[in-house]
Amino acid sequence: QTKPLQLVAGASPLFLAWQLTFFSFSMLFKTFLVMVFIGVGVAVPTAAVQGPERVLMAVDAQSAKLEAKEELNAKADFYSDDIIHPLIVGMPRVNMKGTQLDRKEVIAGFFSTMFTDSASIMKCGDMERNDSTPHCSYIDFVLMMWAVGILLPLLTFFGVWFFCCGRCCCKCCCNNCGGKVPTTNYSGFQRCSALICYLVGIILLLGLSVGGYLITERVDGETVQFLAVMDDLLEVPGTFLEGFKSDITSLKNFSRVEFGKINDQVAGVAVLGLQFKVMKVQLTSLHKNLDDLKSNCAECADLRDAVGGIQTSVDKVDIAFLNNTFSLDKVEKSLDNATSPMIAKVESSQGDAKSKYKEILGDFGDQYEAQESIRSASTYALWGVVWIGILLSILAMLVRKPGCFVPPYLCWFLLLFLFFGLYAAAFMPAIIFGDFCAVLPAKTSPDTTMLEKVWGQIKGGDMTIGLFKNCLIDGTPGPNSNFFSALQLDKEKIFDDAFGDLDVNKTIPSDKANKALNTSSYKDPFDQLFPRLVNLDKNTMTYTDPATNTPKTFDSRDIDRCVTNIRGATGDNTLTRWTVKDVDMNTGCGGTACSTAVQQCQTTVIRMNDIETKTDQVHADARAVNVSMTHISITSSTLSSNISQMRNMTDSTVDALELQIVDAASCTFLSPHWNNFHAALCGNLSGSLDAYWFTCFAIALVMLLSLICNMKGAKRIAKARVVPRDATYGNKGKRGTGKRPAKGSKSSSGDGKKKRKKKAGKTRK
């Protein structure tokens, strides 16, 4: 009781069996009174719960079934958690020889080896047990415990079979196999002791069978629950992806609106282009007029060349690239590029998990859930046979006829093989599930130390550890609680590659934009030239006098004089300075040719009008160009500000998209599903399987010892005529005829007793 059982490789199977038997019976006797309570307090309510009325009254069959089992589950919880679990916790575990590793480290070493180098597990027979081979020590423990369920039935078959047959089934040559009838007159103490042992066996079997039935129902229900939770956990990524893709579709609509607003920032480019087009026409006109006046004006040639330089500067301005707005289809493509790696990784992980689940369990889940009626019938049949055996034992005890003890013994003999088999079948998954849970973190046990030891060396183990730390254990949102971080994806690189083209500096380079929108290269020279252009004075200009063919300064009085002369010569007083140019001097002078002086006057008026008109046009063009440049300057400044705003809007929009993608990829929703799975496996099913294999082992052991002890003591409580064993022997110790002595005859045994009594009387006298 004070030292744990040392289970090491190489221990004798018989020694192991003896130790386990001693341990199991010590535990069983500790729970004897509790078993009585379970047997009496639960048997009747259990039978009532199984009545057909609950099905008829249920609106929903499954809900009704779950409600009907609540009371049953409560008693099963009491049996499993309050009775069996403390006993199993005290069960000795593997003690590694030559190592200081604790139990969790041994378990972690086993699972790590199983996942990374499963072939080495098969070589444990040749390996020394030390710190580097924890998996071998774990295999030793599991196989030894599992072998008990195989070795004891074999020993039972070869050892107890002959004993049972000889005592119950045949005369076994000469009526000398012990028999099932009394062979002597047993004392009251002997009979009372045999009766107590018989009752203890019946009560233990009754209590264990009721507890076994409860735990069987619980294991069945929790297996269904575990499979449902497992299916739910496997389908959760798919459900997440559906919602995630829907969120991305919403983000695409959002991005279209936002980038539409961003594109609107450069809508003024069209206005700017139109302004440049108008100004170029004005500059061309100004340049031409100045060129026409170069022969009349000394400075006009310089002004023309200056305007030509301004035209060259304006022609070099390239604003076409300012129309390089973002393609909204390209924006949507960027969102797809930003999310497709994560979607592909989640789909791949889900596919791998489903295929692994299918590989391990196959169609077990579907078949198990589909065979509910078969499972229920099997449960009732198994424990029904046990309860029938118990009933036969009680009837045999009440009737106390030797032949009545045979049916329950045969029932126990056959059932103990079944229960040893159930123990062997349930022990290994129960132990592995329980130990695996020791390295699986959850919200109730968030330590990931053992998890890192198990998965640290596995390919992709970092991803698993990250998934547990960031998503599964705790559902609290954090900077890494998303699938990008959990799946070890380089989020920054993915986003840079996806949204790299959504950069204003790439579509509208800042240096190029600044140069295009900088008006100083043409506006500053024009601002300096503008006063000269608007102050260009026609009175300072010269023209060639047609009379003398020499330069003459512009004088408006010459125009008036010439107009008067032309009117007199033509007799048309309606002529003005602007219409004399249209008069045909050959026919307009009364049908005779005008004098040379009049014709020269007409030429003078035309030349002076041309100077005046072009000078006025230069003034108008200069003012128009000045207005256009002012508008262009304002539009360029606005565009420059808008492009800066465009950069800020693009950066903030991309940041918002990245943030919303990360939020949509949050994996905190997995935490409740994982904790439900952990509770279903580690909190419920694992503990129930522990209680189940322990109960099966205890029942089989009680049946085994009942066969030996109660069959030996049954003839002590049987109501039958005493048949002395000596009646089958002759006086010389040889075997007799094998016939029983006739009724009323005296056996040698009876004579011996009388002689001994007579001798004792003489001695007292």
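Quick caveat, the model's predicted, so the values are computed rather than measured. Position labels on residues start from 1 in each chain and follow its written sequence. Whole-chain, interface and lining totals are the exception, using all residues; otherwise, since this is a predicted model, local features are given only for residues with pLDDT of at least 70 and side-chain atom pairs are given and counted only at 80 or more. As a rule here, side-chain values come from all non-hydrogen atoms in the structure, and water together with hydrogens is ignored.

Here the focus is the nonpolar core. Soluble globular proteins tend to pack their nonpolar side chains together in the buried interior. Core analysis: the biggest nonpolar cluster contains 172 residues, and F419, F499, L533 and I661 have the highest contact counts within it. Here this core takes 25 residues from helix α8 (residues 188-264), the largest share from any one element. Here, nonpolar core refers to any group of buried Ala, Val, Leu, Ile, Met, Phe, Trp, Tyr and Cys residues whose side-chain atoms link them within 4.5 Å. Here's how the labels work: a residue is buried when its accessible area is under 20% of the maximum for its type, exposed when over 50%, partly exposed in between, all with a 1.4 Å probe on protein chains only. Runs of H or I in DSSP of at least four residues are treated as helices and runs of E of at least two as strands, each being numbered from the N terminus.

Turning to the state of the cysteines, a few remarks are in order. Two cysteines whose sulfur atoms are joined by a covalent bond form what is called a disulfide. Two cysteine sulfur atoms form a disulfide, by the criterion used here, when they sit within 2.5 Å. For the structure on display, the rule yields two disulfides. The side chain of C562 participates in a disulfide bridge whose partner is C601; the two sulfur atoms lie 2.4 Å from each other. Between C562 and C601 the disulfide shows an S-S torsion of about -65 degrees. By sign, it is left-handed. Separated by 39 residues along the polypeptide, C562 in helix α22 (residues 556-570) and C601 in helix α23 (residues 596-664) bring together distant segments of the chain. Here C562 and C601 have matching classes, each one buried.

Two rings from Phe, Tyr or Trp (for Trp, the six-membered ring) form a pair when their centres are within 6.5 Å of each other. A pair whose planes differ by under 30 degrees is stacked, one over 60 is edge-to-face, and the rest are tilted. Applying the stated criterion to the full structure yields 20 aromatic pairs. Ring centres 5.1 Å apart and planes at 35 degrees place the aromatic pair W674 and F677 in the tilted group. Remark: F677 and W674 occur in helix α24 (residues 670-717); sequence separation between them is three residues, near one turn of the helix. Considered together, W674 and F677 belong to a single accessibility category, that of buried residues. A network of ring pairs unites the aromatic residues F420, Y423, F427, W693, F694 and F697 as a single cluster. Over the ring of F321 we find K512; its NZ or CZ atom is 4.6 Å from the centre of that ring. Over a ring means this: the NZ of a Lys or the CZ of an Arg is within 6 Å of the ring centre and within 35 degrees of the ring normal.

Below, the discussion takes up helix α14 (residues 406-438). In this analysis, the expected span of each helix is defined as 1.5 Å times one less than the number of residues it contains. Compared with an ideal rise of 1.5 Å per residue, which puts 33 residues at 48 Å, α14 spans 47 Å between its outermost C-alpha atoms and is within 8% of the ideal. Bend, at a single residue, is the angle you get between axes fitted to the 7 residues ending at that residue and the 7 residues starting at it. Along its length, α14 shows its largest kink, about 25 degrees, at A426, and proline P429 lies within four residues downstream of that point.

As a further point, take the pairing of strand β1 (residues 542-545). Note that β1 and strand β2 (residues 550-553) share four bridges and pair antiparallel. Bridge pairing links D545 to T550 in β2. Adjacent in sequence and paired antiparallel, β1 and β2 are bridged by four residues, among which N549 carries a positive phi angle near 60 degrees. If DSSP finds at least two bridges between two strands, the strands pair.

Looking now at a nonpolar patch on the surface. Together, I388, L391, L392, I394, L395, L398 and V399 make up a nonpolar patch on the protein surface, roughly 590 Å² of accessible area in all. Assignment of secondary structure puts L398 in helix α13 (residues 372-399). Here L398 falls in the exposed class, since its relative accessible area comes to 58%. By definition, no residue in a patch forms a salt bridge, and every one has over 30% relative accessible area; like charges are joined within 9 Å, nonpolar side chains (Val, Leu, Ile, Met, Phe, Trp, Tyr) within 5 Å. Working definition of accessibility: Shrake-Rupley area with a 1.4 Å probe, residue cover restricted to the visible protein chains. Salt bridge, as used here, is a side-chain nitrogen of Lys or Arg placed within 4 Å of a carboxyl oxygen of Asp or Glu.

Moving on, we come to the environment of M629. On the secondary structure map, M629 appears in helix α23. It is 8.1 Å that separates the C-alpha atoms of M629 and T519, two residues lying 110 residues apart in sequence. Residues are treated as being in contact if the distance between any of their heavy atoms lies within 4.5 Å. In contact with M629, not counting residues within four places along its chain, are M279, I310, Y522, K523 and F526.

Restricting attention to buried positions, one finds in helix α18 (residues 491-499) the residues K491, I494, F495, A498 and F499. On an axial view of α18, the arc spanned by its buried residues comes to 105 degrees, and they lie on one face. Residues of α18 that are exposed and point more than 90 degrees away from the buried face comprise E492, D496 and D497. Arc, as used here, means the arc of the directions from the helix axis to the C-beta atoms.

Structurally, the position occupied by S686 is in helix α24. Beyond its immediate stretch of four places on either side in the chain, S686 contacts A430, F433, G434 and L681.

Moving on: the packing of α8 against α23. Orientation is described by axes fitted as lines to C-alpha atoms, over the contacting stretch for helices, and by angles from 0 to 180 degrees between their N-to-C directions. Orientation of α8 relative to α23, taken along the N-to-C sense of each, is 175 degrees, at an axis distance of 10 Å. The orientation of α8 relative to α23 falls into the category roughly antiparallel. Every residue of α23 that contacts α8 at F240, F244, D247, I248, L251, F254, S255, E258, F259, K261, I262 and N263 is listed here: M646, M649, T650, T653, V654, L657, Q660, I661 and A664. Residue polarity is assigned by list, with Asp, Glu, Lys and Arg as charged and Ala, Val, Leu, Ile, Met, Phe, Trp, Tyr, Cys and Pro as nonpolar; anything else, Gly included, falls into the polar class. Its residues placed into classes, the contact of α8 with α23 shows 13 nonpolar, five polar and three charged. Should an angle fall under 35 degrees it is called roughly parallel, over 145 degrees roughly antiparallel, and 65 to 115 degrees roughly perpendicular, with every other angle called oblique.

Enumeration according to the criterion identifies 24 salt bridges in this entry. As a salt-bridge pair, E222 and R218 come within 2.7 Å of each other at their nearest N and O atoms. Of this pair, E222 and R218 both sit in helix α8, four residues apart, which is roughly one turn of that helix. Accessibility classification places E222 together with R218 in one group, the buried group. D558 is the partner of R561 in a salt bridge, and the nearest nitrogen-oxygen pair spans 3.8 Å. One end of the pair is R561 and the other is D558, both in helix α22 and three residues apart, which spans about a single turn. Given a relative accessible area of 10%, D558 falls into the buried group. Each member of the salt-bridge network shares a partner with another, and the members are K288, D292, D610 and K614.

By secondary structure assignment, the location of K523 is in helix α21 (residues 520-534). Among the residues examined, K523 registers a relative accessible area of 17% and is labelled buried. Taking the C-alpha atoms as reference points, K523 and S633, 110 residues apart in sequence, are found 8.3 Å from one another. Each residue touching K523, except ones within four places of it in the same chain, is listed here: M629, T630 and S633.

As a further point, take the confidence of the model for the protein. Interpretation of the predicted coordinates at a detailed level should be avoided for regions scoring low in pLDDT. With 68% of its residues at a pLDDT of 70 or more, the protein has an overall mean of 74. The quantity called pLDDT is the predictor's confidence in a given residue, expressed from 0 to 100. Taken as a whole, residues 95-99 scores under 50 in pLDDT and shows 14 contacts with residues more than four places along the chain or in a different chain. Confidence drops under a pLDDT of 50 for residues 172-177, and excluding neighbours within four residues, the segment shows 13 contacts in the predicted structure.

For the rest of this paragraph, the subject is the environment of E299. By the element assignment, E299 lies in the loop between α9 (268-292) and α10 (300-316). Residue E299 is classed as partly exposed on the basis of its relative accessible area of 29%. Taking C-alpha positions, E299 is 9.6 Å from M541, a pair spaced 242 residues apart along the chain. The contact partners of E299, leaving out residues within four places of it in the chain, are R532 and L536.

It is the contact of α9 with α23, at a shortest axis distance of 8 Å, that shows an interaxial angle of 155 degrees. Our classification of the angle between α9 and α23 gives roughly antiparallel. The two elements α9 and α23 meet at a crossing, and its hand is left-handed. Along the lines of polarity and charge, the residues of the contact of α9 with α23 split into 15 nonpolar, 10 polar and three charged. Crossings are sorted by hand: turned counterclockwise from the far helix by less than a right angle, the near helix makes the crossing left-handed, and turned clockwise it makes it right-handed.

A positive phi angle, near 60 degrees, is found at Q488, a position not held by glycine. Topologically, Q488 is positioned in the loop between α17 (483-486) and α18. Its relative accessible area of 46% is what places Q488 among the partly exposed residues. Unusually for a residue other than glycine, N549 sits at a positive phi of about 60 degrees. Considering the arrangement of structural elements, one finds N549 in the loop between β1 and β2. Owing to a relative accessible area of 61%, N549 belongs among the exposed residues under this scheme.

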